[in-house]
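Each chain is listed here by its residues.
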Amino acid sequence: MNRRIFVLSLALAPWMRTARADAMHDAMSAVLQGATPREGRVTIELPPLVENGNTVPFSVSVESPMTERDHVRSIHVFNEKNPQPNIGDFFLGPRAGRAAVSTRIRLADTQTVVALAQMSDGSWWSGSASVIVTLAACTEIN
Amino acid sequence: MAARALLRVPQRARRGEVIEIRALISHIMETGFRHSERGASIARDIITSFRCTYNGTEIFRARFYPAIAANPFITFTTIATESGTLRFEWSGDNEFTASESAAIMVE
């Protein structure tokens, strides 16, 4: 990296940080379509300290009776500081029995992960978890 | 390259029981945000969609983004309603498709 680019990237660093937080906000707005989520009912499980951001065990669950009348329709997961704000979207229904999904994710930095859940009555709920990442994903060549 | 899928579906279940399903598929999940040693950007190559049907009816669907780790692994649940077949389908960039099935006996 030449010096000029280095100086420029230092100058832009705080701006880029807010840009990424904004990107998460925009991605959430696109899913919510004007609705306001309430905090609660959504639980994210992530290890508090991650040594390798390339594969991080992630679980999300939503408090719901999962009946025909009252169930979770979808769960949407977002991050603050990866190059892209979306992680995954999961669509379920009363036949799931439980609203619980697990996968493995990539995290580029120490950050907050947010999940939004839409219920069958159209209401939105949210939950979040913070995670410290010591070795970031995505950027290095393996 | 043929993708290898691994499933964990109970062979037998009681009717009405909530069963846990696990599905893993081998895939690089190249994010599109990495660069080669020479600085060229490496094109995105990910699985974007996963779907599970139970005797033809969709019971679970997911959209994946580059933040899903390589060899996508997913765990979810369903109610054992009747004997039959669970079918799993993955699709993604570069016309990637893969599918796998598992039989279940419900008593």
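Everything numeric here is computed off the predicted structure, so don't read it as measured data. (Residues numbered from 1 in each chain as written. Chains lettered and ligands numbered in written order. Predicted model: local features only at pLDDT ≥ 70, side-chain atom pairs only at ≥ 80, totals over all residues.)

**A short note on the overall build of chain B**
Each helix and strand counted, chain B has 0 helices and 8 strands in total. When the helices and strands of chain B are read in sequence order from the N terminus, they spell out β-β-β-β-β-β-β-β. The principal-axis extents of the C-alpha atoms in chain B amount to approximately 60 × 20 × 20 Å. Counting the 107 residues in chain B, one finds 29% classified as buried. Counting contacts in chain B only where the partners sit at least 6 residues apart, residues at least 24 apart contribute 58% of the total. (Helix = DSSP H or I, 4+ residues; strand = E, 2+ residues; numbered from the N terminus. Buried ≥ 20, exposed ≤ 12 C-beta atoms within 10 Å, placed from the backbone. Contact = placed C-beta atoms within 7 Å.)

**Digging into the interface of chain B and chain A**
Taken together, the contact pairs 24 residues of chain B with 27 residues of chain A. Elements with a contribution of two residues or more to the side of chain B that touches chain A: β5 (57-64) and β6 (73-79) of chain B. Considering each element in turn, the side of chain B that touches chain A owes the most residues, 7 residues, to β6(B). Its residues assigned to classes, the side of chain B that touches chain A comprises 16 nonpolar, 4 polar and 4 charged. Note: strand β6 (residues 86-91) of chain A against β5(B), 4 bridges, orientation antiparallel. Looking at the pairing, A:Phe90 lines up with B:Ala62 of β5(B). (Nonpolar A, V, L, I, M, F, W, Y, C, P; charged D, E, K, R; others polar. Pairing = 2+ DSSP bridges.)

**Some thoughts on the pairing of β5(B)**
Residues and elements named next belong to chain B. Across 6 bridges, the pairing between strand β4 (residues 47-54) and β5 is antiparallel. Note on β5: the bridge partner recorded for Cys 52 is Phe 60. Taking the residues between adjacent antiparallel strands as the criterion, β4 and β5 are bridged by 2 residues, where Asn 55 takes a positive phi near 50°.

**Brief notes about the nonpolar core**
In terms of nonpolar packing, the biggest core is built from 57 residues, with A:Ile75, A:Ile105, A:Leu107, A:Ala115, A:Ala117 and B:Ile68 touching the most fellow members. The element best represented in this core is strand β8 (residues 111-119) of chain A, accounting for 5 residues. Apart from residues no more than four positions distant in its own chain, A:Ile105 is found in contact with A:Val56, A:Phe58, A:Ile87, B:Ala67, B:Ile68 and B:Ala69. (Core = buried A, V, L, I, M, F, W, Y, C linked by C-beta atoms within 7 Å.)

**Regarding the environment of A:Met24**
All names here are of chain A. As for its placement among the helices and strands, Met 24 is situated in helix α1 (residues 3-32). Met 24 sits in the buried class, given 21 other C-beta atoms within 10 Å. Between the C-alpha atoms of Met 24 and Glu 80, which are 56 residues apart in sequence, the distance is 5.7 Å.

Honestly, that's just the spatial picture; any functional story needs more than this.
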